[in-house]
Amino acid sequence: MLLQQTARNPARLRVLALYKELHRLGRDYPDPAYNFHGKLRGLFEKNKDLKDEEEIENAIKLGEYIRNETLALYSLRKYRHLKRMYPFDSLSEISFAKHDPVLNAPTSGARTTPT
């Protein structure tokens, strides 16, 4: 029965895959008070009776946008965590500046003599 429904409606497979992916992403959502899974289920249940192909496509695009924004949120959270773990170190910045060709490029008017 399910195989027949998905064969007739290819958008159904996309919706199911999107729901599963968003549900997995919701496990790691940083704010437990946000109730990610409850809101996700509510949005999908609200749109379960859509029949128009264009409305279905718009709902899928909204879900993909939410997925991309959630992934960006997780990447930003990881970046901020790494930045807190390895704070700015002025000594390492000086050692990098010593080898930077842009900072150490001779000016056009100055003459350099080998020593």
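Described below are features of the structure shown in this document. (Residues numbered from 1 in each chain as written. Predicted model: local features only at pLDDT ≥ 70, side-chain atom pairs only at ≥ 80, totals over all residues. Heavy atoms only, no water.)

With that settled, consider the overall build of the protein chain. The secondary structure content of the protein chain amounts to five helices and zero strands. Looking at the protein chain residue by residue over its 115 residues, the buried ones come to 12%. Put simply, 57% of the contacts in the protein chain that link residues at least 6 apart link residues at least 24 apart. Of the roughly 10000 Å² of accessible surface on the protein chain, a fraction of 57% belongs to carbon and sulfur atoms. (Helix = DSSP H or I, 4+ residues; strand = E, 2+ residues; numbered from the N terminus. Buried < 20%, exposed > 50% of the residue type's maximum accessible area, 1.4 Å probe, protein only. Contact = heavy atoms within 4.5 Å. Areas by Shrake-Rupley, 256 points an atom, 1.4 Å probe, with all protein chains shown as cover.)

Take the pattern of salt bridges next. Two side chains with opposite charge may pair up if their charged atoms get near one another. What the rule picks out here adds up to four salt bridges. Its salt-bridge partner being Arg 67, residue Glu 21 comes within 3.4 Å of it at the nearest N-O pair. In this pair, Glu 21 is assigned in helix 2 (residues 10–26) and Arg 67 in helix 4 (residues 53–85), connecting sequence segments 46 residues apart. Overall, Glu 21 belongs to the partly exposed group, its relative accessible area being 32%. With a relative accessible area of 19%, Arg 67 lands in the buried category. One connected set of salt bridges, linked through shared partners, spans Arg 14, Glu 57 and Glu 64. (Salt bridge = Lys/Arg side-chain N within 4 Å of Asp/Glu carboxyl O.)

Looking at the secondary structure, you find Thr 70 in helix 4. A polar atom in the side chain of Thr 70 sits 2.7 Å from the backbone oxygen of Ile 66. Once you skip the residues sitting within four places of it in the chain, Thr 70 turns out to touch Leu 25, Tyr 29 and Phe 36. (Polar contact = N/O pair within 3.5 Å; in protein donor to acceptor, adjacent residues only side chain to side chain.)

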